[in-house]
Amino acid sequence: MRQPASARWSNQATFIHSLDARIKLILLLSFLLSIALLRAPSALQLTCCLLALIAIAAAARLPILRVLRASLFVVPFVGLFSLLVYLTGDASRAWFILAKSYLSAFSVLIFISSTPLPRLLAAARFFRLPALLVEVTQLIYRYLFVLGGEARAMQIAFRARGGKSGSRAVHAASGMVAVLFTRSYEKAAMIHKAMCSRGFSGNLIQAVELSPFGLQEGAILCAGIALLIGLHFV
Amino acid sequence: MHIPDNFLSPPVWATLDGIAIPAVAYVSRQAQRATDNSRLPLLGVMGAFVFAAQMINFPVGLGTSGHLVGGTLLACLIGPWAAALVITSILIVQALVFQDGGVLALGPNVINMALMGVLFGYLPARAFFHTKWKSYGVFAGGCCSVLASGVLALSELTLSGIRMPGTLLGASLGLFTINAILEGAITVSVLRAIERLNPGITDSVFGKTESIGSYSSRWPKAVAGLAAASLVLAAGGVLIASTLPDGLENVAKTLGMRFGQPAFVSPLRYYRIEAFGSEWFSRTAAGIFGLVLIYVICALGGHLLARARRSYS
């Protein structure tokens, strides 16, 4: 199981990447909020948002077409839903939901492609998210791909041995989950020992030092929020 | 069942976010109390385990396959508080890294799946765990967990003013029921296999078989009954609300409020600042003020509770 492409893109050194994660988090939330509050967005407003996001993606040197395509991921599910809204006779609202959901997904993807998760979690910790929640999130992200790879390997092994269907297959699948659980449980004990031997004392999120806000960060924050408010008067 | 952004109307998601934030803080404190440093890696790895277990296909016949959702299983293995926290973390990773579910809709998703999903999965399992109906309890837990999440998501959509025709609503409720039964069956089967490989793994959550008898027999059953009743009520409520949308709207009108308006705007309705001249701005300002108000009330309440508890001890 490979890491998503966004994780690979997040290790670059552009201006967008090096911007303080706290600023980016505030701006992302403000963007999502102002998109959500557009009750009946005009085509101009939607185009402005899309162009602004593309400009940010370009500044972060992300492969724009691939990011645009990856955000299409939301469309099947959202599309089904907005089709439903369309069929109940609310045609314009259906289009708004589709467009707004796409823009939201696009902005989240740009954000996560330009911010390594540890820095994002340090920012979340700065905003007083519970320490345990942040640490567990960090650990889940760390071991997700390890255990995911193991699960995939087990399924391939199952198929290679001719596993097909029927109640025996359900039995085998439960066995796989049970073995996966046992391995994870043992792994957790080993991870704890390894962490202790490296000086773990109950505090996981401190790898990234957060510097105080500078003038530049403040200016970017204000400009971003002013633009988002201005969006509603276009 | 991950709700993306912009599905729910702003009043609905804002209210649910406002509820979810203090709730998650509380859950996290409870989980912290039950967790020492040596269990921290366990929680993280269990989250990754649920992710991985969701990738394993369970063939259910007719060429289709289901997969584990995992809330109930996790609650049985590491306890309800830790399970709710781990599922919350999973939802955060899914929303941010995999764009599965919205960021602003995290509050509703956390309430549906992490808080209520785990609660409704844990209670039935707990009620019957040390009786001979243990498997049925776990099965009921898996069912209730998925049903509760689905019904909550549906009712949030209905509250957002999406009118679903009755047939469609029936179809989706039927789909939820099938999923719920699958989840129950898979949870029972997986839990049995895990206990065979790791005897005594659930002792830390449910206690040993001998010692718990009196505790698990009475009140959890009452709570489970209550939970089941409320679930049925909620499901019925959604059905009635969707088949009689006009009736519900009439009731709301006679009560003096209209759908699509946040409940917390009302105290601020007369404070709209005309100088800004914008409907949007005043509404947003009122909404943000409402959120801040909720936050302050929660913080104050928590502070007072903490003080009361300190004076007891």
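In this report, we go over the structure that sits alongside the text. (Residues numbered from 1 in each chain as written. Chains lettered and ligands numbered in written order. Predicted model: local features only at pLDDT ≥ 70, side-chain atom pairs only at ≥ 80, totals over all residues. Heavy atoms only, no water.)

## Focus: the overall build of chain B
Definition in use: Secondary structure is summarised from DSSP: a helix means a run of H or I of at least four residues, a strand means a run of E of at least two, and numbering begins at the N terminus for each. For each residue, the accessible area found with a 1.4 Å probe, counting protein chains only, is set against the maximum for its type, and the residue is called buried under 20%, exposed over 50%, and partly exposed in between. Contacts between residues were defined by any pair of non-hydrogen atoms, one from each residue, lying within 4.5 Å. Surface accessibility follows the Shrake-Rupley procedure with a 1.4 Å probe radius. Residue values consider only the protein chains on display as shielding.
Along the backbone of chain B there are 12 helices and 2 strands. Ordered by position from N to C terminus, the α and β elements of chain B give α-α-β-β-α-α-α-α-α-α-α-α-α-α. By residue count, 49% of the 313 residues in chain B fall in the buried class. Within chain B, counting contacts between residues at least 6 apart in sequence, those at least 24 apart form 76% of the total. About 14,800 Å² of surface is accessible on chain B, with carbon and sulfur atoms providing 68% of the total.

## Some details on the nonpolar core
Rules: Buried residues of nine kinds, namely Ala, Val, Leu, Ile, Met, Phe, Trp, Tyr and Cys, make up a nonpolar core once their side-chain atoms join them within 4.5 Å.
Counting residues in each nonpolar core, the largest one holds 140 residues, and the members touching the most others are F49(B) and I78(B). Top element by residues in this core is helix 9 (residues 131-160) of chain A. It accounts for 13 residues. In this structure, F49(B) is in contact with L147(A), V177(A), L180(A), F181(A), S184(A) and L73(B), ignoring residues within four places of it in sequence.

## Here's the deal with a positive patch on the surface
All names here are of chain A. Selection rule: To count toward a patch, a residue needs a relative accessible area over 30% and no salt bridge; like charges are then connected within 9 Å, while nonpolar side chains (Val, Leu, Ile, Met, Phe, Trp, Tyr) are connected within 5 Å. The working definition used for a salt bridge is a side-chain nitrogen of Lys or Arg within 4 Å of a carboxyl oxygen of Asp or Glu. Within this scheme the basic residues Lys and Arg register as positive and the acidic residues Asp and Glu register as negative, but His and the chain ends are omitted. The atom standing in for a charge is NZ when the residue is Lys, CZ when it is Arg, CG when it is Asp and CD when it is Glu.
Judged by side-chain charge, R2, R8, R66 and R69 come together as a positively charged surface patch. Topologically, R69 is positioned in helix 5 (residues 64-70). In this structure R69 comes out as exposed when scored by relative accessible area, which is 56%.

## Focus: helix 3 (residues 21-37) of chain A
Each turn of an α-helix holds 3.6 residues, which means side chains three or four residues apart point in the same direction. Put simply, the rule reads: In a helix, the anticipated span is given by 1.5 Å times the number of residues less one.
Helix length check: helix 3 of chain A, at 17 residues, gives a terminal C-alpha distance of 24 Å against a target of 24 Å (1.5 Å per residue), a fit within 8%. Within helix 3 of chain A, 14 of the 17 residues are buried, leaving the element largely enclosed by the surrounding structure.

## A look at a nonpolar patch on the surface
Residues and elements named next belong to chain A. Together, L83, Y86, L87 and W95 make up a nonpolar patch on the protein surface, roughly 490 Å² of accessible area in all. Ranked by residues supplied to the nonpolar patch, first place goes to helix 6 (residues 75-87) with 3 residues. Relative to the elements of secondary structure, L87 occurs in helix 6.

## Thoughts on the pattern of salt bridges
As a working rule, side chains carrying opposite charge can pair if their charged atoms are close by. Taken as a whole and judged by the stated rule, the model has 4 salt bridges over all chains. The salt bridge involving R183(A) is made with E150(A); its shortest N-O contact spans 3.6 Å. Taken together, the residues span a long stretch of sequence, with R183(A) in helix 10 (residues 167-197) and E150(A) in helix 9 at a distance of 33 residues. On the basis of relative accessible area, E150(A) is assigned to the buried category, the value being 18%. Where E195(B) meets K134(B), a salt bridge forms, and the shortest distance between an N and an O atom there is 2.8 Å. In this pair, E195(B) is assigned in helix 7 (residues 166-197) and K134(B) in helix 6 (residues 134-159), connecting sequence segments 61 residues apart. Take E195(B): its relative accessible area is 19%, and that puts it in the buried class. Note on K134(B): relative accessible area 22%, which makes it partly exposed. Taken together, the salt bridges that share partners define one network made up of E150(A), R183(A) and K187(A).

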